[in-house]
Amino acid sequence: MKLKITSMAMMLLLCSYQMIAQEDRQKEKKLVFIIVDGIAADMIPKTSTPNLDAISLKGDFSEAYVGGGKGTYSETPTISAVGYNSLLTGVWVNKHNVYGNEIKQPNYNYPSIFRLFTNDFPEKQTAIFSTWEDNRTKLLGENLVGTNFLKIDYAFDGFEKDTLNFPHDPYREYIKNIDKKVAYQAAEYIQNEAPDLTWVYLEFSDDMGHGYGDSPQLYNAITFEDELIGKIYEAIKYRESNFNEDWLFIVTTDHGRTAKDGKHHGGQSDRERSTWIAMNKKGNSYFKEQIPGIVDILPTMISFLELYPETSVKEELDGVPLLGMVDAVGLSANLDGATLKLNWKALSDTDTPAKFYVARTNNVKYGAKDEYELLGSAKIKNGTAEFNIGKKADIYKILMETPNHRLNTWITPTQTNN
């Protein structure tokens, strides 16, 4: 009898261990990001967006910005493709070099999230669902020498060129129909195939902005796009409920709209720069208490997907993660003779130091690397430091290295500040 009890106890213990092991088994991380075009932050509370509301309730929502540093070397046009590329690469226009929707000469030396992901996980699957084919062929640079012949595993785009099934009309209803087709296919494919990294792009809201400005047509378009976002989000919830998967779902926009009537964008007015980010995970203190930028999304994706880019890539990133610890933001520089004066906003009051480096070249622009030399260190909580810059150069690239991330800023001898 004693032997039977012991055997039964061992069996129960083994089953318990197996259940715990199953629960503790690392969930497979997957990610979807959606860009829904041309919706300023102040428009969201003015119309019905039940799906964005539900996503934000589970995770978080924040106003955000595009446009780089206003009046500085990184000032970035608030134009669609420009904003997409700042998200894709985590850098402003002075680096990625996409100044307009023509996408003339992207600098692929600043890699997109798709290249970074494929470099680390060549066996995993990527997908794009887009109302605009140029997102894949030009911004991501599929099959181009400059992107090392990047290949997207599943592409569902180019329907704007199919005038037989989507005849072009002056009211842009064909774009609305394409958005619906793209979103429904994205939802179905994600639910059945679960690609590891997915980009969905929806355009109709921007078209209504250009056509009608601040109007019922625009606000109805936002609600329509919200319905499509909800379809895709349902697929994510299905995957998480039925498979051992952990999904990060990010929704954002690429620019705001002009204050006068909402018909235009491209400039640096507050409303044109004003955007938003919604995600299904709780953000960090930076996300909750500051105004994040579109360039913060790529570092967030890198962190969640556990990617390990080369140091030269991380040194160039203009954003910080929206998940996990962030030590400081807003690094800026002044040059007073040979004295470099640095300022930043500390997000921690610990005595932890940060290290500061300088490079006097911009070789990354041409596909090479910059050599950084140590300037010194300072406590993060101080929010300021001064160093002797040493020998003169045409450009100084300043790097701040904290325990959890890096910040960078540029300055030239002709600048008083950046």
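Located above this text is the structure these notes cover.
Predicted, not measured: the structure shown is a model, and the values here were computed from it.

Caption draft 1: Structural view of empty space enclosed by the protein. One pass over the structure, following the stated rule, counts 1 cavity of 30 Å³ or more. For the largest cavity, the calculated volume is near 60 Å³. In this structure, the largest cavity is lined by 13 residues; those nearest its centre are Thr89, Tyr108, Tyr110, Ser112 and Leu139. Considered class by class, the residues forming the lining of the largest cavity number 6 nonpolar, 6 polar and 1 charged.

Caption draft 2: Local environment of the pattern of salt bridges. Overall, the coordinates contain 29 salt bridges when judged by the stated rule. Residue Glu245 pairs with Arg239 through a salt bridge whose shortest N-O separation is 2.6 Å. In this structure, Lys341 engages Asp336 in a salt bridge whose closest nitrogen and oxygen atoms are separated by 3.7 Å. On the basis of relative accessible area, Lys341 is assigned to the partly exposed category, the value being 32%. One network of salt bridges, with partners in common, ties together Glu133, Arg136, Glu142, Lys151, Asp157 and Lys161.

Caption draft 3: Representation of the sheet that holds strand 9 (residues 339-346) in the model. With antiparallel pairing, the 3 strands of this open sheet are ordered in space as 8-9-12. Edge strands, defined here as strands with exactly one partner in the open sheet, are strand 8 (328-336) and strand 12 (384-388). Neighbour to neighbour, the strand axes of the sheet diverge by 20° on average, direction disregarded. As paired strands, strand 9 and strand 12 are joined by 5 bridges and run antiparallel to one another. Bridge pairing links Asn343 to Thr384 in strand 12.

Caption draft 4: Spatial organisation of the sheet that holds strand 14 (residues 406-411). Spatial ordering of the open sheet is given by 11-10-13-14, a layout of 4 strands whose pairing is antiparallel. Edge positions in the sheet fall to strand 11 (373-379) and strand 14, since each has one partner strand and no second. Along the sheet, successive strands turn relative to each other by an average axial angle of 20°, direction set aside. In this sheet, strand 11 lies alongside strand 10 (residues 353-359) in antiparallel orientation, the contact comprising 6 bridges. Counted as the bridge partner of Phe356 is Gly376 from strand 11.

Conventions and cut-offs
Residues numbered from 1 in each chain as written. Predicted model: local features only at pLDDT ≥ 70, side-chain atom pairs only at ≥ 80, totals over all residues. Heavy atoms only, no water. 1 Å grid on protein atoms, 1.4 Å probe; cavity = no way out; pocket = protein on both sides within 12 Å on 5 of 7 lines; lining within 4 Å. Points joined across faces, edges and corners; volume = space filled by probe spheres on them. Nonpolar A, V, L, I, M, F, W, Y, C, P; charged D, E, K, R; others polar. Salt bridge = Lys/Arg side-chain N within 4 Å of Asp/Glu carboxyl O. Buried < 20%, exposed > 50% of the residue type's maximum accessible area, 1.4 Å probe, protein only. Pairing = 2+ DSSP bridges. Helix = DSSP H or I, 4+ residues; strand = E, 2+ residues; numbered from the N terminus. Axes fitted to C-alpha atoms, helices over the stretch in contact; angles between N-to-C directions.

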